[in-house]
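Descriptive analysis of the structure
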Amino acid sequence: MINTTEKDSHYQNLEQMPVHELLANINREDKTVPDAVEMALPQIAQLVTAVTEKMRAGGRLFYIGAGTSGRLGVVDASECPPTYGVPFDWVVGIIAGGDGAIRKAVEYAEDDAEQAWKDLSAFAITNKDVVVGIAASGRTPYVIGGLKAANENGLVTGCVVCNSGSAVAAGAQYPVEVVVGPEFVTGSTRMKAGTAQKLVLNMLSTSVMIQLGRVKGNKMVDMQLTNHKLVDRATRMVMQATGLGEQEAARLVQQNGSVRKAVEAYNR
């Protein structure tokens, strides 16, 4: 494995830099991340295709990870139901150490190679499902063990890592390797590596949901209407789709609960 995420920063004496220089240098490093993601687009496309096929057949998508990587998986999974109106168990994020680790680090949780499969098994996981391991370093035992068990049980597996040739990538059928290089603060993979992982997860879940028909045109027609802002957005979307005035569009949204259903009711 080429462990670039642990290499020494390109910058020295950070504590002596004025604020404007700190920000400029962090920003300079951040600008390199989209280019690294672009290099991985063929791998991301393969993973998207595999996940979409499984979910079309009734499967679910599971993310497993520890620390920042686990939190990013939980965030991406948590945003799918309100954004696309899908059931809460379609995309599931699991973090080493349990949900408490989202807010407070759980010591050594990532070192348990057996726990990920136990955590997955609590969801009655089957070979219809997909497991994607998220690990910046590519060497997290929790993720390695989870992917190994998933493979042994006939599941499709993928990963998102930020080093090349890692054990996590070797254990995934559809690896995504986004090599972002040394961090501004040496080893702080919540920075460039975390940004890269977030971009990839955005691409993965968004592309899958589009392929599953959860977007029409460019609109989130199945979004959950959980606040006034989203109700107003839905009303405008129905107005645009039907030519109705605001009051009538709002009535349709209220009666039908989503943009898709409101437009379908109008067209009947």
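Going by the structure above, here's the rest.
Quick summary incoming for the structure in this document.

Rules and cut-offs
- Residues numbered from 1 in each chain as written.
- Predicted model: local features only at pLDDT ≥ 70, side-chain atom pairs only at ≥ 80, totals over all residues.
- Heavy atoms only, no water.
- Pairing = 2+ DSSP bridges.
- Helix = DSSP H or I, 4+ residues; strand = E, 2+ residues; numbered from the N terminus.
- Axes fitted to C-alpha atoms, helices over the stretch in contact; angles between N-to-C directions.
- Contact = heavy atoms within 4.5 Å.
- Salt bridge = Lys/Arg side-chain N within 4 Å of Asp/Glu carboxyl O.
- Buried < 20%, exposed > 50% of the residue type's maximum accessible area, 1.4 Å probe, protein only.
- Phe/Tyr/Trp six-rings, centres within 6.5 Å; stacked < 30°, edge-to-face > 60°.
- Polar contact = N/O pair within 3.5 Å; in protein donor to acceptor, adjacent residues only side chain to side chain.
- Lys, Arg positive; Asp, Glu negative; His and termini not counted.

**Description of the sheet that holds strand β3 (residues 130–135)**
Sheet strands line up and pair through hydrogen bonds in the backbone, either parallel or antiparallel. If you trace the five strands from one edge of the open sheet to the other, you get β2-β1-β3-β4-β5, paired in parallel fashion. Looking at which strands have only one partner, the edges of the open sheet turn out to be β2 (91–95) and β5 (174–177). When strand polarity is set aside, the average angle formed by the axes of neighbouring strands in this sheet is 15 degrees. Taken together, the six bridges between β3 and strand β4 (residues 156–161) define a ladder with parallel strand orientation. Each residue of the ladder has a partner; that of Gly 133, found in β4, is Cys 159. Most of the contacts of helix α4 (residues 67–84) go to β2, to which it runs at about 155 degrees, and overall it touches β1 (61–65), β2 and β3.

**Observations concerning the pattern of salt bridges**
The full count for this structure, using the stated rule, is six salt bridges. The residue Asp 222 makes a salt bridge to Arg 260 at a minimum N-O spacing of 2.8 Å. Taken as a pair, Asp 222 in the loop between α8 (192–211) and α9 (228–242) and Arg 260 in helix α11 (residues 259–267) lie far apart in primary sequence, 38 residues in all. A residue is classified by how much of its surface remains accessible, and Arg 260, at 26% relative accessible area, is partly exposed. Within this structure, Arg 214, Asp 222 and Arg 260 form a network of salt bridges that share partners.

**A look at the packing of aromatic side chains**
Evaluated as defined, the whole model comprises two aromatic pairs. Ring plane angle 65 degrees and centroid distance 5.7 Å describe the contact between Phe 62 and Phe 123, whose orientation is recorded as edge-to-face. Here Phe 62, found in strand β1, pairs with Phe 123, found in the loop between α5 (115–121) and β3; they are 61 residues apart in sequence, far enough to count as distant. The buried category is assigned to Phe 62, whose relative accessible area is 0%. The class of Phe 123 is partly exposed, set by a relative accessible area of 35%.

**So, the environment of Val 238**
As for its position among the elements, Val 238 is in helix α9. Here the alpha-carbon distance between Val 238 and Val 51, two residues 187 residues apart in the chain, equals 31 Å.

**Some points on the pairing of β4**
The buried fraction of β4 amounts to six of the six residues, a majority that puts the element mostly inside the structure. Of the two faces of β4, both are covered, the one formed by Val 156, Gly 158 and Val 160 as well as the one formed by Thr 157, Cys 159 and Val 161. Sheet topology note: the β4/β5 ladder contains four bridges and is parallel. Residue pairing for β5: Cys 159 is matched across the bridge by Pro 175.

**Re the side chain of Ser 258**
Looking at the element boundaries, Ser 258 is found in the loop between α10 (246–256) and α11. Taking relative accessible area as the criterion, Ser 258 reaches 7% and is therefore assigned buried. There is a polar contact of 3.1 Å between the side chain of Ser 258 and the backbone nitrogen of Lys 261. Here Ser 258 is in contact with Val 221, Leu 225 and Val 253, once residues within four sequence places are set aside.

**Things to note about the side chain of Asp 119**
Inspection of the secondary structure puts Asp 119 in helix α5. Within the buried core, Asp 119 has no salt-bridge partner, and the shortest N-O distance to an opposite charge, that of Lys 118, equals 8.3 Å. Within polar-contact distance, the side chain of Asp 119 engages the side chain of Gln 115 at 2.7 Å. Those residues in contact with Asp 119, other than ones at most four positions away along the chain, are Ile 94 and Tyr 142.

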